Amino acid sequence: AKECGRNNFQFYTEELSARNAQRMYLTNGLRQALDRNEFQLHYQPKLEARSGRVVGVEALIRWFPAGGGMISPAEFIPIAEESGLIIPIGDWVLATACKQAAGWRREGRDGFRVAVNLSAAQLKNRDVVQVVAQALRDADCPADALDLEITESMLMENPEKVSRTLQGLCDLGVRLSIDDFGTGYSSLNYLKSFPIHELKIDQTFIRDIPGEAGHASIVKAIIDLAHSMELIVVAEGVETAEQKAFLERERCDELQGYLFSKPLPAHQLGQLLDSGAIG
Ligand code: C2E
Ligand code: CA
Ligand code: CA
Ligand code: CA
């Protein structure tokens, strides 16, 4: 038994150091990724459920390191957060998304919006309102072409401070969306006091509807809650016609997911929209 314990411990430390090595490797790569132009934004359409029209897109970062392949944001965003690199990377995302949004508006896509994910570290940065204002100015992008998505769990850490920041962003004319809603235990009292426009139902709840009764009732409850607060409600991760039918029946406002399109590079998304295949 003693030997067995030691082996487990050895295995555990080996696994830990492998993970540390991987993290160091990624951190070093991330440090140079901006200078080497290894990031791209891909854009996934959001459709208005009622009309089927594409009303905007969510910008999602992709990392193509020099050695080849693609590293998922789920893997490198947490590491960028730990190392502080999320601030320059986040600035790049905002600048790039604002330029693209301004371009699409100039091409005549009226009312078209681009949503950008803000990380916790970006939201906590005291200059975030200035940073967003500057990105809009530099890109000559109208504020109503930009949405900012922040996760539900970021709201409650310091609600008074977050509320002031969100008010500053709202005053610029951008819209605020609460991402991963249903997973973060936010207080409904506070939720009412934040200047938000939209709730995005977390995709873990969408995955098993309509079959899974528990999740179906959570989805219905979130839609009703959003509407009672006069918020738009969006479902992400919509993959099947059954999910779409359920969400339409329950009056979900907007839909996003592989059923309509994967996230695509800007020019491919433009072609998809122009082809009339969706929206
Ligand atoms: P998220 O904001 O919740 O984004 C939704 C994720 O679901 C994206 O993964 C998207 O590609 C994926 N998705 C969309 N439709 C479907 C579907 O029908 N089925 C399934 N299974 N998945 C779908 P992605 O692009 O890998 O991004 C993962 C997470 O990384 C994002 O989750 C977000 O938290 C973060 N992230 C991505 N881009 C950025 C960024 O520019 N800045 C920051 N701070 N975080 C980002
Ligand atoms: Ca998001
Ligand atoms: Ca989400
Ligand atoms: Ca997420």
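Look up a bit, the structure's there.
Just so we're clear, the structure is a prediction, and the values are computed from it rather than from any experiment.

Undergrad: Looking at this structure, how should I read the overall build of the protein?
TA: Secondary structure summary: the protein contains 12 helices and 9 strands in total. Seen along its three principal axes, the alpha-carbon backbone of the protein occupies a region of about 65 × 45 × 45 Å. When contacts within the protein are restricted to residue pairs at least 6 apart in sequence, those whose partners lie at least 24 apart make up 66%. Carbon and sulfur atoms form 50% of the exposed surface of the protein, whose accessible area is close to 14,300 Å². Counting 29 positive and 39 negative side-chain charges, the protein places the centres of these two groups 2 Å from one another.

Undergrad: Sorry if this is basic, but what is going on with the layout of surface pockets here?
TA: In this approach the atoms are scanned with a rolling probe the size of a water molecule, which exposes any empty space left behind. Empty space within the largest pocket amounts to approximately 1,000 Å³. What lines the largest pocket is a set of 40 residues, and nearest its centre among them are Glu58, Leu60, Pro73, Asn117 and Asp179. For the lining of the largest pocket, the residue count by class is 17 nonpolar, 13 polar and 10 charged. By volume, the second largest pocket is sized at about 390 Å³. In terms of lining, the second largest pocket is formed by 21 residues, of which the most central are Glu48, Ala49, Ile232, Asp253 and Glu254.

Undergrad: I'm lost on the coordination of the calcium ion (ligand 3) in this one. Help?
TA: For a metal with four donors in a tetrahedral arrangement, the ideal angle between donors is 109.5 degrees, while six donors in an octahedron ideally sit at 90 or 180 degrees. Protein coordination at the calcium ion (ligand 3) comes from Asp179 (OD), Asp180 (OD), Glu236 (OE) and Glu236 (OE), with a distance range of 2.0 to 3.1 Å. In terms of primary sequence, the donors binding the calcium ion (ligand 3) are separated according to D-D-x55-E. A separation of 4.8 Å is found between the calcium ion (ligand 3) and the calcium ion (ligand 2), which are bridged by Asp179. With Asp179 in strand 5 (residues 175-181) and Glu236 in the loop between strand 7 (232-235) and helix 11 (241-249), this residue pair connects regions lying 57 residues apart in the sequence. Taking relative accessible area as the criterion, Asp179 reaches 6% and is therefore assigned buried.

Undergrad: Please clarify how the nonpolar core should be interpreted in this entry.
TA: Where a protein is soluble and globular, its nonpolar side chains tend to be buried together. One finds Leu148, Leu166 and Leu247 to be the most contacted residues of the largest nonpolar core, which totals 83 residues. Per element, the largest residue contribution to this core is 9 residues, and it comes from helix 3 (residues 86-106). Setting aside residues no more than four positions away along its own chain, Leu247 makes contact with Ile206, Ile209, Val219, Ala235, Val238, Cys252 and Leu255.

Undergrad: Got a minute to help me understand the site of ligand 1 in this structure?
TA: In the vicinity of ligand 1 there are 20 residues, among which Gln44, Arg62, Gln203, Glu239 and Tyr258 approach most closely. In the environment of ligand 1, an oxygen atom lies 3.3 Å from a nitrogen or oxygen atom belonging to the side chain of Glu58. Take Asp179: an N or O atom from its side chain is 3.0 Å from an oxygen atom of ligand 1. Expressed as a share of its isolated accessible area of 810 Å², the protein-covered part of ligand 1 is 82%.

Calculation rules
Residues numbered from 1 in each chain as written. Chains lettered and ligands numbered in written order. Predicted model: local features only at pLDDT ≥ 70, side-chain atom pairs only at ≥ 80, totals over all residues. Heavy atoms only, no water. Helix = DSSP H or I, 4+ residues; strand = E, 2+ residues; numbered from the N terminus. Contact = heavy atoms within 4.5 Å. Areas by Shrake-Rupley, 256 points an atom, 1.4 Å probe, with all protein chains shown as cover. Lys, Arg positive; Asp, Glu negative; His and termini not counted. Charge placed at Lys NZ, Arg CZ, Asp CG, Glu CD. 1 Å grid on protein atoms, 1.4 Å probe; cavity = no way out; pocket = protein on both sides within 12 Å on 5 of 7 lines; lining within 4 Å. Points joined across faces, edges and corners; volume = space filled by probe spheres on them. Nonpolar A, V, L, I, M, F, W, Y, C, P; charged D, E, K, R; others polar. Donors = N, O, S within 2.8 Å, 3.2 Å for Na, K, Ca; no water. Buried < 20%, exposed > 50% of the residue type's maximum accessible area, 1.4 Å probe, protein only. Core = buried A, V, L, I, M, F, W, Y, C linked by side-chain atoms within 4.5 Å. Near = heavy atom within 4 Å. Polar contact = N/O pair within 3.5 Å; in protein donor to acceptor, adjacent residues only side chain to side chain.

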